[in-house]
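In case you want the letters, here they are:
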Amino acid sequence: MNLKNIFVYPKLPDSLAKLQALAYNLWCTWNYQAISLFYRIDAPLFRAVHHNPILFLASLPGERIAQLAEDKGFLFEMERVWEQFRQYMAYGDQFRTSRGGTLAPGETVAYYSMEFGLHECIPIYGGGLGVLSGDFLKAASDLNLPLVGVGLVYKYGYFTQRINLHGEQEEQFVEFDNHLIPMHERRGPEGEKAYVEMQILGQPLKIKLWQIDVGKIPLILLDTDLEENPPHLRDITQELYVADRAKRLQQELVLGVGGTRALERLGITPQIYHVNEGHAAFLILARLQRLMRDGGLGLREAKAVIRASTVFTTHTPVIAGNENFDTALVREYLENDLRALGLSFADLASDAFINQDGKTFWLPALAIRYARYINAVSKMHRDVSRRMWAGLFPNTPERELPIDHVTNGVHNSWLSEPVVELLNRYVGPDYVRCESKRQRWEEVAAIDDEELWQAHHQNKQSLITFVRKKLADDLAARGYVGSKIVRLTRALNPEYLTIVYARRFARYKRATLILRDKDRLAKILTNSAKPVQLIFAGKAHPADTLGKSMVKEILDFAKDYQIEDRVVFLENYDINIARHLAWGADVWLNNPVRENEASGTSGMKAGMNGVLNLSVLDGWWPEGYNGRNGWAITGAEYYHQYEMQEAAEAEQIYDLIEDEITESYYDRNEAGVPIRWVQRMKESITSICCRFNMNRVLADYIDKFYTPSRVAARELSRNNYEFLRQALRDGEQILANWERITIGGLSTSVDKSDVVTEGQQVEVACTVDLHGLPPGLLEVELFYILQDRSEHRVVPMQPRDAGTAGEFVCTFQIAGRGLLSMNARVRPASPILRDLHPDLLKWAQ
């Protein structure tokens, strides 16, 4: 028997209508006055439902709802919160960066991500990428930017981590109800429920559209779990990062193709498409269909348009961690769609290959070749990414590879309430809409030392209370009873130095590095004069046996050394746990293998609350560390063998804890305040809030990518794409003659000089045979590098005799000293052709 399902919500009195409206906008989950409003109604219930405002209201007894409807004090507070929300939503100022960049209304950015970490009650995130994406939307809302998010809603989300009686991780997949989170069905122009359709292997797939309101920003989520779909398609959006490769490919087709069609269905016309990781790269197929089938463009024209309006952000520093599929599998899914456009599978797939290896279809390679604007997420990650993807740009110097960087940041909602109160008083509350002005954040230095220490102590006490309650609940769920629970729920002491390690349990992140010398660590932890305690949290991927073994090693260490009150592992790491840890830790430990962390943001969240980072100089920390806001782990720099590097880093961690960190933490004045420690806290807050806030991130994207993308796309479409078509016609001439073009005979005016000095004028000449092509189609340049400055320069070269090709010359003044390396090159003069054909580059022989 088939039954029709209709979800019935509780009916709230008219006087509480604003409360329900607040619950459906995630603004209420990061505004402390709104959070307090829900706590006032029923604090134990609000905690029990994981601060889910919709489930909370649905769980309230009728008599309590009736009381609230007549409670004048509550209604007064609700009106006050509502007025804050109304003012926030009505804010209309157009954000402008310090460099003058802006996005006007209608210049919409579509922001695609496989996961969005918005709140603990919406389990559609797995880790850092999701939380970053969630923070991105929140900051876009604060800054009033025209942006829309696109993602998937998963029936089970990411797995729930449980620790069994043997200290081993187990995974559970818990279904959540879409109707009981702050999300609503998206409706079309006529009020009808909105759906889109696409084909998967020739079968129709119906996709339902949901929306989460992130302040002012709509997040559109796609859902295939519909009765109309066959079971093998219905389960596409069942699980985040599903292991089955065919199912993962289907997910990413739904995200890219279905997500783009969803925007069209809703009448949203993005000017810029921002692709996070390779997961959403199939939006390229949807855009090709739109531009070629509906817009009448050819493949090269469509590719140029897509490149000009696409930003691709890579978050992965290891090639094996990038999304890829067997080419034969992708062919099975895409060939018919491409044939319908008059294309062969190879026309698209060739852009997804690395080094002409046709066996593997790399989604990041496809995205890079279809995006003019590419960025890594820290300076160090930029350099790593350039080396990793250099094969996509043959003959291009590493320094010129078109991979820039925007170092990640975090949203101000990660600031604890006590710290927010201090910042409001000393910095001013409008910091939430500021970019990154050092002068403003230097006001943090004026905060009274005792006030800041009391705020931190309040956060730390809150953390300890939270951990003890969670341990009691988790231990009871594992089957522990009586004295075991009582003993372990007295774990941790708010007066002890607390070090936190909280992140994904992957091998390269090395959660157990600090356990390398267990005897020495145990002595540090149990030092009666300077006691230390450790809190760990994080999930290992279900297929990662090594990651799971690290979890067990930590639990076994605590048990074997009888220090379970000093070493705690918190299961099922989520946003709520992360929030408490980032607020209440003293030290935030991060020790990945260097160049394996793209950015990392957990240390930023902790640091902006005055928690001091103890970290390897990887990801964001080389940009963030200044010697006064934490500590750097540098021991590996003196060794080449991995085992020696790891041993040196572990020893340095122990030395720093014993000789500097505990000494500073326990050095108190007569009021019990560790003055030296508090000075570091202030520097941490100042440096991280200034440079690593999400507003600065958005400003960088606007200046580096969104504004240039908007201008480039507009230029290409001018006069019905005539500018683009002329460039492509010129390109056909160049391509037809490219193999016959030669460049050589490089010489300089200082070739026979014994000494070349800084500031000297140098003439450089080379010989170019353009094989009859008009000189205006090509550009001859001198490329040179001064090693002492680690920078390069490009100098245009001109024909020695005006109007004739042959010998090209230029002069430049040497600015710097040390090794000077140079060569001449020829490439297309048109920026459009240089962009479409990075391989059209010849160097003097």
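Residues numbered from 1 in each chain as written. Predicted model: local features only at pLDDT ≥ 70, side-chain atom pairs only at ≥ 80, totals over all residues. Heavy atoms only, no water.

A. Region of the structure containing unusual backbone geometry. Of note, the phi angle at glutamine 356 is positive, near 60°, even though the residue is not glycine. Classification of glutamine 356 by relative accessible area gives exposed; the value is 79%. The backbone of histidine 771 shows a phi angle near 55°, a positive value even though the residue is not glycine. A relative accessible area of 37% means that histidine 771 is categorised as partly exposed. (Buried < 20%, exposed > 50% of the residue type's maximum accessible area, 1.4 Å probe, protein only.)

B. Up close: the pattern of salt bridges. Under the defined criterion, the tally for this structure stands at 65 salt bridges. Measuring nitrogen to oxygen at the nearest pair gives 3.1 Å for the salt bridge that ties arginine 516 to glutamate 646. Here the residue arginine 516 occupies a position in the loop between β15 (497–502) and α20 (518–525), and glutamate 646 occupies one in helix α25 (residues 642–665), the gap between them amounting to 130 residues. Residue class for arginine 516 comes out partly exposed when judged on its relative accessible area of 39%. As a salt-bridge pair, lysine 552 and aspartate 556 come within 2.8 Å of each other at their nearest N and O atoms. Taken together, the positions of lysine 552 and aspartate 556, both in helix α21 (residues 545–560) and four residues apart, correspond to about one turn of that helix. Look at aspartate 556 and you get partly exposed, because its relative accessible area is 26%. Linked through salt bridges whose partners overlap, the residues forming this network are Arg507, Arg510, Arg516, Glu643, Glu646 and Glu649. (Salt bridge = Lys/Arg side-chain N within 4 Å of Asp/Glu carboxyl O. Helix = DSSP H or I, 4+ residues; strand = E, 2+ residues; numbered from the N terminus.)

C. Structural view of the pairing of β15. Of all six residues in β15, six are buried, a share of seventy percent or more. Both faces of β15 are covered, namely the face carrying Leu497, Ile499 and Tyr501 and the face carrying Thr498, Val500 and Ala502. Both β15 and strand β16 (residues 532–537) contribute to a ladder of six bridges, which runs parallel. Paired with leucine 497 across the bridge in β16 is valine 532. The parallel pair β15 and β16, bridged by α20, forms a crossover whose chirality is right-handed. (Pairing = 2+ DSSP bridges. Right-handed = clockwise from strand over helix to strand, strands pointing away.)

D. Up close: the packing of α25 against helix α26 (residues 675–691). Between α25 and α26, whose axes approach to 6 Å, the crossing angle comes to 100°. The angle between α25 and α26 falls in the class roughly perpendicular. Of α26, the residues touching α25 (which contributes Glu660, Ile661, Glu663, Ser664 and Tyr665) are Arg676, Trp677 and Arg680. Among the residues forming the contact of α25 with α26, the class breakdown is three nonpolar, one polar and four charged. (Axes fitted to C-alpha atoms, helices over the stretch in contact; angles between N-to-C directions. Parallel < 35°, antiparallel > 145°, perpendicular 65-115°, else oblique. Contact = heavy atoms within 4.5 Å. Nonpolar A, V, L, I, M, F, W, Y, C, P; charged D, E, K, R; others polar.)

E. Expanded view of the environment of glutamate 301. The residue glutamate 301 is located in helix α11 (residues 299–308) in this model. Given a relative accessible area of 14%, glutamate 301 falls into the buried group. Taking the C-alpha atoms as reference, glutamate 301 lies 35 Å from aspartate 135; in sequence the two are 166 residues apart. If we skip the residues at most four places from it in the chain, glutamate 301 touches Leu724, Arg725 and Leu728. Side chain to side chain, glutamate 301 and arginine 725 meet in a polar contact 3.0 Å long. (Polar contact = N/O pair within 3.5 Å; in protein donor to acceptor, adjacent residues only side chain to side chain.)

F. Up close: the sheet that holds strand β19 (residues 612–616). Spatial strand order, β17-β16-β15-β18-β19-β20: six strands in an open sheet with parallel pairing. In the strand order of this sheet, the two ends are held by β17 (567–570) and β20 (630–633), each with one partner. Each adjacent strand pair in this sheet contributes to an overall mean axis angle of 20°, direction not counted. For strand β18 (residues 587–590) and β19, the ladder comprises four bridges, and the chain directions are parallel. Residue pairing for β19: leucine 589 is matched across the bridge by leucine 614. Most of the contacts of helix α18 (residues 449–478) go to β17, to which it runs at about 70°, and overall it touches β15, β16 and β17. Those strands touched by helix α22 (residues 575–584) are β15, β16, β17 and β18, and its axis lies near 155° from that of β16.

G. Spatial organisation of the state of the cysteines. One pass over the full model with this rule turns up zero disulfides. Looking at cysteine 28, it has no disulfide partner, and the nearest cysteine sulfur is the one in cysteine 121, 8.6 Å off. Of the residues examined, cysteine 28 reaches a relative accessible area of 3% and is grouped as buried. Lacking any disulfide linkage, cysteine 434 is separated from the closest cysteine sulfur, that of cysteine 690, by 10 Å. (Disulfide = S-S within 2.5 Å.)

H. Examining the pairing of β18 more closely. Side chains Val587 and Leu589 of β18 all project onto a buried face; the interleaved residues Trp588 and Asn590 project onto the opposite face, where all are buried too. As judged from the two bridges shared by β15 and β18, these two strands associate in the parallel manner. Opposite valine 500, over in β18, you have tryptophan 588 as the bridge partner.

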